[in-house]
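Descriptive structure summary
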Amino acid sequence: LAPIESYAAHFDRCAGERHRLEASPQYFHGGAVVASAMRETLPGVKVLVLVRDPVERLWSTFRFMRSRLADLPPDMTFEAYVDECRSVRERREPLTAENRLYWTIEGGFYDEYLDPWLDAFGDRFRVVFFERMAADPAATVRELSRWLEVDPSAADDISYSVENKTVPVRSSALQRLAEKNKFSALIAL
């Protein structure tokens, strides 16, 4: 299948539906090339970008990587992590397997990515701040529903709860053992 047909196949179950939703944070960083291709391929599409305070975003990512025992040095402090992220950015390194843990700061420079999307979509482009959504999710969903031309009353029936909160690991050694055994169990299957 050609790339667009492969992509469209993901939505086969939505045939006849008025709305289809797809999400990926990586599209936003594709800039003008991705925005133009999206506008040409999906006429009438609306684009929503959810942004978070860049410092909170970086802290959250650091904590998440710590909780999952990513390849960060075990004694790395948040300050050292930020310094390494800044260094990768200052060197203008492209995202690679070697620097992926330190490239996360790049995504927080929203102003460097907004213009192509605004140019491509105008009033069909919306930015929502995570902090606003967290403070009043029902009001935010109602507002977005109106923008998307979807019945906003459904927002009142949603249970807004945190489903993927990162919690710190209590024992790094026990976590490593659990991860090792999980992979061993998967290999045994």
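As a reminder, the structure under discussion sits directly above these lines.
Every value quoted in this text rests on a predicted model; they were computed, and no experiment measured them.

**Details of the environment of Arg-66**
By secondary structure assignment, the location of Arg-66 is in helix α4 (residues 54–67). Residues Arg-66 and Met-76, spaced ten residues apart in sequence, show a C-alpha to C-alpha distance of 9.5 Å.

**Description of unusual backbone geometry**
The phi dihedral of Arg-92 is positive, around 55°, even though this residue is not glycine. In this fold, Arg-92 is placed in the loop between α5 (78–90) and α6 (111–121). The phi dihedral of Glu-149 is positive, around 65°, even though this residue is not glycine. By secondary structure assignment, the location of Glu-149 is in the loop between α8 (137–148) and α9 (172–188).

**Observations concerning helix α3 (residues 31–41)**
Looking only at α3, the buried set comprises Gly-31, Ala-35 and Met-38. Here the buried residues of α3 occupy an arc of 65° about the axis, which is enough to place them on one side. Set apart from the buried face of α3 by more than 90 degrees, the exposed residues are Val-33 and Glu-40.

**Some details on the packing of aromatic side chains**
Here the distance between the centres and the angle between the planes together describe a pair of aromatic rings. If you walk through the whole model with that rule in mind, you get ten aromatic pairs. A centroid spacing of 5.7 Å and a plane angle of 50° characterise the contact between Phe-28 and Tyr-113, whose relative ring orientation is tilted. You can see Phe-28 sitting in helix α2 (residues 25–28) and its partner Tyr-113 sitting in helix α6, a full 85 residues away along the chain. With a centroid separation of 5.2 Å and 40° between ring planes, the pair formed by Phe-62 and Tyr-81 is classed as tilted. Taken together, the positions of Phe-62 in helix α4 and Tyr-81 in helix α5 put the pair 19 residues apart, joining distant regions of the chain. Using a relative accessible area of 6% as the deciding quantity, one classes Phe-62 as buried.

**Considering α6**
Here α6 has its buried residues at Tyr-113, Trp-117, Ala-120 and Phe-121. Each buried residue of α6 sits inside an arc of 75° when the element is viewed along its axis, so together they form one side. Of the exposed residues in α6, those oriented more than 90 degrees away from the buried face are Asp-111 and Asp-119. Contact partners of the buried residues in α6: α2, α3, β1 (47–51) and β2 (125–129). Once α6 finishes, Gly-122 follows within two positions and takes phi at roughly 50°, a positive value.

The rules behind each value
- Residues numbered from 1 in each chain as written.
- Predicted model: local features only at pLDDT ≥ 70, side-chain atom pairs only at ≥ 80, totals over all residues.
- Heavy atoms only, no water.
- Helix = DSSP H or I, 4+ residues; strand = E, 2+ residues; numbered from the N terminus.
- Buried < 20%, exposed > 50% of the residue type's maximum accessible area, 1.4 Å probe, protein only.
- Arc of directions from axis to C-beta.
- Phe/Tyr/Trp six-rings, centres within 6.5 Å; stacked < 30°, edge-to-face > 60°.
- Contact = heavy atoms within 4.5 Å.

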